[in-house]
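# Topology and contacts: notes
Listed below, chain by chain, are the residues.
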Amino acid sequence: MKLHELHDNPGATKRKKRVGRGPGSGMGKMGGRGIKGQKSRSGVAIKGFEGGQMPLYQRLPKRGFNKPNRKAFAVINLGVIQKFVDAGKLDIKNTIDEDALIASGAVRRKLDGIRVLAKGDFSAKVNLSVAGASKSAVEAVEKAGGSLTVTTAQAAE
């Protein structure tokens, strides 16, 4: 293989359509817009226009609300924690906190904290310390002989 023999797979790259660059381009003169009419002009926005009828997005009522300062938790299931314990990536002798979960690769990033949910089988006797947990997750950890403490003011829901 030589440098001048390198090339991309056929069809992997496509040339950009250059509109309005003369008759030789095949997209010159009117640039594929046709003759006259509203859509041939610039500054047109008729995506939701329904011929003068009240558009659907205006006919339907507004509903709901997104809290601007809501907390976003990184979620991890007990089954995943069990898998990482079995693989030896999490040390059950020490308390498993958020930093340990990130260091092991079980969770990518902390966000506003890590929240544990109860999906999956869990049998390891571990001490977990996280920002949030579901009631069923707390019960599952205690049933296995461990303990789960919620560190922030937000208690288990």
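This text goes with the structure placed above it.
Predicted model only: the values in this text are computed from it and were never measured. Within each chain, residues carry numbers counting from 1 in the order of the written sequence. Where totals are concerned, whole chains, interfaces and linings use all residues; where local detail is concerned, this predicted model gives features only for residues with pLDDT of at least 70, and gives and counts side-chain atom pairs only at 80 or more. To obtain the side-chain values, all non-hydrogen atoms of the structure were used and water was disregarded.

### Some points on the overall build of the protein chain
Under the scheme used here, helices are H or I runs from DSSP no shorter than 4 residues and strands are E runs no shorter than 2 residues, and both carry numbers assigned from the N terminus. For the protein chain, the helix and strand inventory stands at four helices and six strands. Here the globule rule reads 2.2 Å times residues to the power 0.38, and the radius of gyration is calculated from C-alpha atoms. In summary, the protein chain has a C-alpha radius of gyration of 29 Å against a globular reference of 15 Å for 157 residues, an excess of more than 25%. Burial status across the protein chain gives 24% buried among its 157 residues. The contacts of the protein chain with a sequence gap of at least 6 include a subset with a gap of at least 24, amounting to 40%. Residues scored as charged are limited to Lys and Arg (positive) and Asp and Glu (negative), so that His and the chain ends carry no count. By convention, charge coordinates are those of NZ in Lys, CZ in Arg, CG in Asp, or CD in Glu. Side-chain charges in the protein chain split into 30 positive and 13 negative, and the spacing between the mean points of these groups amounts to 20 Å. When a residue's accessible area, from a 1.4 Å probe over protein chains only, is under 20% of the maximum for its type it is buried; when over 50% it is exposed; and in between it is partly exposed. Contacts between residues were defined by any pair of non-hydrogen atoms, one from each residue, lying within 4.5 Å.

### Details of the side chain of S129
Note that S129 resides in strand β4 (residues 127–130). Residue contacts for S129: discarding those within four places in its chain leaves T95, I96, D97, E98, T149 and T151.

### Quick notes on helix α2 (residues 78–86)
Among the residues of α2, L78, I81, Q82, F84 and V85 are the ones counted as buried. One side of α2 carries all its buried residues, which in axial view fall inside an arc of 165°. α2 presents K83 and D86 as exposed residues on the side facing more than 90 degrees away from its buried surface. On the buried face of α2, the contacting elements are β1 (74–77), α3 (98–104), β3 (114–117), β4 and α4 (135–143). Once α2 finishes, G88 follows within two positions and takes phi at roughly 85°, a positive value. Summarising the geometry, the arc corresponds to the directions from the helix axis toward the C-beta atoms.

### Regarding unusual backbone geometry
The general pattern is negative phi for most residues beyond glycine and trans for most peptide bonds. Non-glycine residue K36 carries a positive phi angle of around 50°. Mapped onto the elements of the fold, K36 is located in the segment before α1 (56–59). The backbone of L111 shows a phi angle near 55°, a positive value even though the residue is not glycine. Along the polypeptide, L111 turns up in the loop between α3 and β3.

### A look at the nonpolar core
By nonpolar core we mean a set of buried residues, namely Ala, Val, Leu, Ile, Met, Phe, Trp, Tyr and Cys, connected to one another through side-chain atoms within 4.5 Å. I76, L78, I81, L101, V116, L128 and L148 are the most contacted members of the largest nonpolar core, which has 23 residues in total. Elements that contribute at least two residues to this core include exactly β1, α2, β3, β4 and α4. Ranked by residues supplied to this core, first place goes to α2 with four residues. Apart from residues lying up to four places away in sequence, L128 is in contact with L78, I81, I96, V141, S147, L148 and T149.

### Quick word on α4
Within α4, the full set of buried residues consists of A137, V138 and V141. Down the axis of α4, the sector holding all buried residues measures 100°, keeping them to one side. Every exposed residue of α4 that faces more than 90 degrees away from the buried side is listed here: K135, E139 and K143. Looking one or two places after α4, you find G145, whose phi comes out positive at around 100°.

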